[in-house]
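# Structural description and commentary
Each chain, letter by letter, is given below.
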Amino acid sequence: MAFHYNLLFISLFFCSFILILPNINSLSTVSISDSSDFNQTLICILQQQPQSKQKQKHSNLNCTSFPPSTIALDVNPNVSYSQIVGGNGFLCALTSLSNSSNSILGCWRFSNSSNSTTVLFKRIYHGPFIEDIDGGNSQVCGLVNAKNGFRIECWPWKSFSSFNSSLSFSSIAAGDNFVCGITENGKGNFVTCGGSNKEVVGNEPKNGGNYSVIEAGSNHVCVISSDGGLDCWGDVVGEKPKGRFIGLALGEKRSCALGYDGLVECWGLNGFTMPLRLKGTFFESIVAKKSVFCGVLASNYSLICWGNEVFEESKNAFKVFDNVLPGPCKSRCPCGPLSDSAKLCVSPGVICKACSPLVEFSSSPPLNPPSTVVGNSSKSGTWSGKMVAFLVIGCVGCSSLLLVLSCYLYKHCKDLGCKSRVHDSGRLDDHDPETELDPPRGIPVLEKRLSHVISMGNGGTLLQEFSLQKLIQATNNFSEDNKIGVGSFGSVYHGKLEEEGLEVAIKRAEMSSTLMSSAHFGVARRQEDQDNAFVNELESLSRLHHKNLVKLLGFYEDKYERILVYEYMNNGSLNEHLHKFQTSNIMSWRVRIKVALDAARGIEYLHRYATPSIIHRDIKSSNILLDSKCVAKVSDFGLSLIGPEDEQSHLSLLGAGTVGYMDPEYYRLQHLTTKSDVYSFGVVLLELLSGYKAIHKNENGVPRNVVDFIVPFIVQDEIHRVLDPKLPPPTPFEIEGVAFVGYLACDCVRLEGRDRPNMSHVVSSLEKALEACLAEPILCGSNSTTTVSSYE
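Residues numbered from 1 in each chain as written. Predicted model: local features only at pLDDT ≥ 70, side-chain atom pairs only at ≥ 80, totals over all residues. Heavy atoms only, no water.

Taking an unreviewed UniProt entry as the reference, the chain is identified by name as Protein kinase domain-containing protein belonging to Vicia faba.

Right, dumping it as structure tokens:
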């Protein structure tokens, strides 16, 4: 079987090599952020670490500003970025690891206040692989991997571009309130644009063409066809040059094009042209934003910039950086590598040479073109008739071979019962193989599951992605003094966000530095369970909004940390009020029944109104929290699962939850239903009535279950013998309601789930019980002794 897979791999590799189209180096390794708000230009580059320094942790992103300033980016030294783009006051960086099906896109935004520049970072995307990105003046767009190819998606407005979902794009260009892409229609490729910029959208070339490069300025777009020809539309100023081109850089009413000969020609407003001192200079790649243009020199890979008086007045005469990547580092190049480019990449990577246009020129190419630009003309200068014929025959042959092999392997696997393997996404950072072990198996799955939940919050509002530094400051570096509980995947801390003046509860996972190996299976397994709990809670609360569910405010997640941030419930947990506090705000039967009703309404929402429904799996008194007005809210969704489609169905899986609250039917038969939450809530009702813990010790010190102890008294109409002695005896107005709650609790903890009521019935019964005993308004003041909160 291995032989067949190897044969298929070799065939795929051979065909992919034949089918490679001429590529143009996109200067996604250089970004320009030009903002009028703080009158500065920030230029950033990507540089791969030299081989001798790879063990030293530092990012491959470097920036400098003009005029010089103290703008400082908070960059994770463990993250290696693959592409960067800039816009009006922002810089975005893409992380797309090898062997990964996921990408992460984060942006730094600069704001000017009190004559100082503030830099804020926010992750705006974490999901399926992004092939390419481009930045407009106020948005960043990318080619996102989809079922039918690559679709265009933009941030911060996902609906910014309204393209037909069936279109698959190969290139992208973003400008001021528009984005354009190159796509195919079966007869060749064409350009389609979306957005509100009427200068560009709707004025695309109508007849299509064999386009290979597209680039956008502020309000205009240019494309290069496969023969090197240039076509532009929108607010184009000046007369475009004639010739054959391989690259573009468009700004605001100004443009530059990189010729096949390595020379740059510029045109635009007020007779814009290439500075005299740079004419005759050979370039590998060029990029622009508004008034600033930059390019990587072919001679020494230095980055020089022009178009702005700041650079022309510079002592270094336009030079900004040395040893700049003129394109991404790759292992193979269809038209050969750039000369001496291996020094810029980690071995065995090189930077690919731009392929020449696919037609024979009417005039001969330069006699002595720069070797770093065009290469050997016999190999890449023209495509002869024989080469075209070979390409066609090779494509047809490879397609036939792949079809035959696919059919054979499908039949062979079907007969042998082969099991497909899902490719898990990689981590955010590359790890040092000499200092780290392989990652635990839960981490790839974690990133895959995170990709579709981190952009949504309660009721569709955006979740805030907090910085780690901000959470450290809020919790005094996660000090023990701030610790207020232990949850499903870690410890919980009380914190205060100084800028917002907001108190929060911060749940931090206890990450293990010991990763997966045969000797540490148990540790890795616990790590995976914690990761699952983290994602479950984020996934559940990100789409839920109810007044009786604790609100999730935001999160922080990276290779080493999993943190969730909630609203702070300053009246503690029901467990603390029942079993820990000497004085409590729920020292009346009316308030206790009201607390039970609040919690029941939250659980009913999960079962009946959430789409799809959710089974909490860990209902207990410590997961019911009280706010300043004693409104109860359900918390901790670390064990929650999407429920079955109806009440008659169940999920078959191993039991999980807390001893004393777990449904015995679920524990014995591994049948999980919404009635499992009903059983757990019945135990909570018994706690409320009796004041006993779910598992407590009797007079002889022997552990005893509250269900086994309390239910017989209720059934015999002797509930008065087991009511919580810390509360005054029920008044004549209250005794009926208290007894009603007792009978309801007995129904909830029946052994078989089919005999238990659903949560809607529970809510209705508690409403009747509260109405029966509610002779006076419920008053709940702040408890001076209750200054902590539990998010267990």
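### So, the side chain of Asp 724
Considering the arrangement of structural elements, one finds Asp 724 in the loop between helix H12 (706-715) and helix H13 (732-748). For Asp 724, a relative accessible area of 2% corresponds to the buried category. (Helix = DSSP H or I, 4+ residues; strand = E, 2+ residues; numbered from the N terminus. Buried < 20%, exposed > 50% of the residue type's maximum accessible area, 1.4 Å probe, protein only.)

### Observations regarding helix H11 (residues 674-690)
Over its 17 residues, H11 extends 25 Å from the first C-alpha to the last, a length consistent with the 24 Å expected when each residue adds 1.5 Å. With respect to burial, H11 is a largely interior element, 17 of its 17 residues being buried. The opening residue of H11, the one whose side-chain oxygen lies 3.0 Å from the backbone nitrogen of Lys 675, is Thr 673. (Expected span 1.5 Å × (residues − 1). Polar contact = N/O pair within 3.5 Å; in protein donor to acceptor, adjacent residues only side chain to side chain.)

### As for the pattern of salt bridges
Enumeration according to the criterion identifies 23 salt bridges in this entry. Put simply, Glu 465 and Arg 123 hold a salt bridge, and the shortest N to O gap is 3.3 Å. Of this pair, Glu 465 sits in strand S26 (residues 464-465) while Arg 123 sits in strand S7 (residues 116-128), and the two are 342 residues apart along the sequence. The residues Glu 465 and Arg 123 share a single accessibility class, namely buried. Via salt bridges that share partners, Arg 123, Glu 465, Glu 557 and Arg 562 belong to a single interconnected network. (Salt bridge = Lys/Arg side-chain N within 4 Å of Asp/Glu carboxyl O.)

### A short note on the sheet that holds strand S18 (residues 254-259)
In space, the 3 strands of this open sheet follow the order S17-S18-S19, with antiparallel pairing throughout. If you trace the sheet from one side to the other, it starts and ends with strand S17 (245-250) and strand S19 (264-268), each paired once. With strand direction ignored, the average angle separating the axes of adjacent strands in the sheet is 20°. Where S17 meets S18, 5 bridges bridge the pair, whose relative direction is antiparallel. For Leu 248, the partnering residue across the bridge sits in S18 and is Ala 257. (Pairing = 2+ DSSP bridges. Axes fitted to C-alpha atoms, helices over the stretch in contact; angles between N-to-C directions.)

### Topic: the nonpolar core
Formed by 60 residues in total, the largest nonpolar core has its most connected members in Phe 681, Leu 685, Leu 686 and Leu 766. Counting residues per element, the ones that place at least two in this core are helix H8 (574-579), helix H9 (589-609), strand S33 (624-626), strand S34 (632-634), H11, H12, H13 and helix H14 (759-773). Looking at this core element by element, the count peaks at 11 residues for H9. By size, the runner-up hydrophobic cluster in this structure holds 50 residues, among which are Tyr 81, Leu 91, Leu 258 and Val 264. (Core = buried A, V, L, I, M, F, W, Y, C linked by side-chain atoms within 4.5 Å.)

### Section: the sheet that holds strand S16 (residues 230-234)
Two strands in a sheet stick together by hydrogen bonds in their backbones, pointing the same way (parallel) or opposite ways (antiparallel). With antiparallel pairing, the 3 strands of this open sheet are ordered in space as S14-S15-S16. The sheet is open, and its two edges are formed by strand S14 (211-216) and S16, each paired on a single side. Between one strand axis and the next, the sheet turns by 20° as a mean value, whatever way the strands run. In the sheet, strand S15 (residues 220-225) pairs with S16 via 5 bridges, with the strands oriented antiparallel. For His 220, the partnering residue across the bridge sits in S16 and is Gly 234.

### A few points about the packing of H11 against H13
The geometry of H11 relative to H13 is characterised by a closest axis approach of 8 Å and an angle of 145° between their N-to-C directions. In the crossing of H11 with H13, the sense of the turn from one axis to the other is left-handed. Contacts between H11 and H13 involve Val 678, Tyr 679, Gly 682, Leu 685, Leu 686 and Leu 689 from the first element and Val 738, Val 741, Gly 742, Leu 744, Ala 745 and Cys 748 from the second. (Left-handed = near helix turned anticlockwise from the far one by under 90°. Contact = heavy atoms within 4.5 Å.)

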